[in-house]
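Structure assessment
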Amino acid sequence: MRLTAEDRTAITDLINRHGHLTDSGDFDRMPELFTADVAYDVTDLGGGVPTGLATLRDAALALGEGNPVGHHVTNIVLTGVADDRVHALSKGIGIYADGTAGSVTYEDTIVRGDDGWRISQRTVRARRVPLTR
């Protein structure tokens, strides 16, 4: 699948919007980002695989003060897989209230539906050791 410039812009905006909505706690707008049955794999961070928007919201609220105050995404790479499915790889930097930071890699499956592009599956992998995959 060849991605158009419009598709690339829409998908990049989708990925970037995640940090804004999450950091503001605007969970009612999560359907703008994710499919209703999203699988959000944070096993590498000790959180399992919340599935569905309500479960994802509940997991974020349960983490409470353990959430970063800022989710920053960078280095977005998009690869077309099928007509309505894209693989996205990006880097995430989380800034915590105490000033510490963490680095992750996001691996997303993004699908096009009636409402545009949405993340249907996200795997978050912690970056703890330099120069490794």
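Note on numbering: residues in each chain are counted from 1, in written sequence order. Selection of residues for local features in this predicted model requires a pLDDT of at least 70, selection of side-chain atom pairs for listing and counting requires 80 or more, and totals for whole chains, interfaces and linings are taken over all residues. Note that the side-chain values use all heavy atoms of the structure and ignore hydrogens as well as water.

1. Regarding the environment of Leu 3
- By the criteria applied, helices consist of DSSP H or I runs no shorter than four residues and strands consist of E runs no shorter than two, each listed in order from the N terminus. Structurally, Leu 3 is set in the segment before helix H1 (5-23).
- Along the backbone, Leu 3 and His 71 are 68 residues apart, and their C-alpha atoms lie at a distance of 26 Å.
- Only heavy atoms enter the contact rule, under which two residues are in contact if any of them lie within 4.5 Å. Not counting the four nearest positions on each side in its chain, Leu 3 is found in contact with Arg 8, Ile 11, Leu 78, Gly 80 and Val 86.

2. A word on the sheet that holds strand E4 (residues 101-113)
- DSSP calls a pair of strands paired once it identifies at least 2 bridges connecting them. Taking strand neighbours across the sheet as the criterion, the 5 strands line up as E1-E5-E4-E3-E2 in an open arrangement whose pairing is mixed. Strand pairing shows two members of the sheet lacking a second neighbour, strand E1 (34-41) and strand E2 (70-82), which therefore form its edges. Along the sheet, successive strands turn relative to each other by an average axial angle of 20°, direction set aside.
- Examined bridge by bridge, E1 and strand E5 (residues 116-127) share 4 bridges and lie parallel to one another. Directly across from Tyr 40, in E5, lies its bridge partner Arg 122.
- Against the sheet, H1 touches E1, E2, strand E3 (85-95), E4 and E5, its axis set at about 150° to E2. Think of each axis as a best-fit line through the C-alpha atoms, taken over the contacting stretch in the case of a helix, with angles from 0 to 180 degrees between the N-to-C directions.

3. Notes on the nonpolar core
- We call a set of buried Ala, Val, Leu, Ile, Met, Phe, Trp, Tyr and Cys residues a nonpolar core when their side-chain atoms join them within 4.5 Å. Working definition: with a 1.4 Å probe on protein chains only, accessible area under 20% of the residue-type maximum means buried, over 50% means exposed, and in between means partly exposed. By size, the foremost hydrophobic cluster in this structure holds 23 residues, and its most contacted members are Ile 11, Phe 34, Tyr 40, Leu 78, Val 86 and Ile 110.
- Counting residues per element, the ones that place at least two in this core are H1, E1, helix H2 (53-63), E3, E4 and E5.
- Per-element accounting of this core gives the leading share, 4 residues, to H1.
- Dropping the residues within four chain positions of it, Phe 34 is found in contact with His 18, Tyr 40, Leu 53, Leu 56, Arg 118 and Ile 119.

4. Quick notes on the side chain of His 18
- The residue His 18 is located in helix H1 in this model.
- Judged by its relative accessible area of 6%, His 18 falls in the buried class.
- Those residues in contact with His 18 that lie beyond four places of it in its chain are Leu 33, Phe 34, Tyr 40, His 71, Tyr 106 and Arg 122.

5. Topic: the packing of aromatic side chains
- Aromatic contacts are taken between Phe, Tyr and Trp rings whose centres are within 6.5 Å, Trp giving its six-membered ring; a plane angle under 30 degrees counts as stacked, one over 60 as edge-to-face, and the others as tilted. Applying the stated criterion to the full structure yields 1 aromatic pair.
- Plain terms: the ring middles of Phe 34 and Tyr 40 are 5.8 Å apart, the flat faces sit at 80° to each other, and that makes the pair edge-to-face.
- Taking the relative accessible area as the measure of exposure, Phe 34 reaches 3% and is therefore buried.
- Residue Tyr 40 is classed as buried on the basis of its relative accessible area of 10%.
- Either the NZ atom of lysine or the CZ atom of arginine qualifies as a charge over a ring when it sits within 6 Å of the ring centre and within 35 degrees of the ring normal. The ring of Tyr 106 has Arg 122 sitting right over it, with the charged end atom 4.1 Å from the ring centre.

6. Re unusual backbone geometry
- Unusually for a residue other than glycine, Asn 75 sits at a positive phi of about 55°.
- By the secondary structure assignment, Asn 75 is in strand E2.
- If you check the backbone angles, Leu 131 has positive phi at about 60° while not being a glycine.
- On the basis of relative accessible area, Leu 131 is assigned to the exposed category, the value being 87%.

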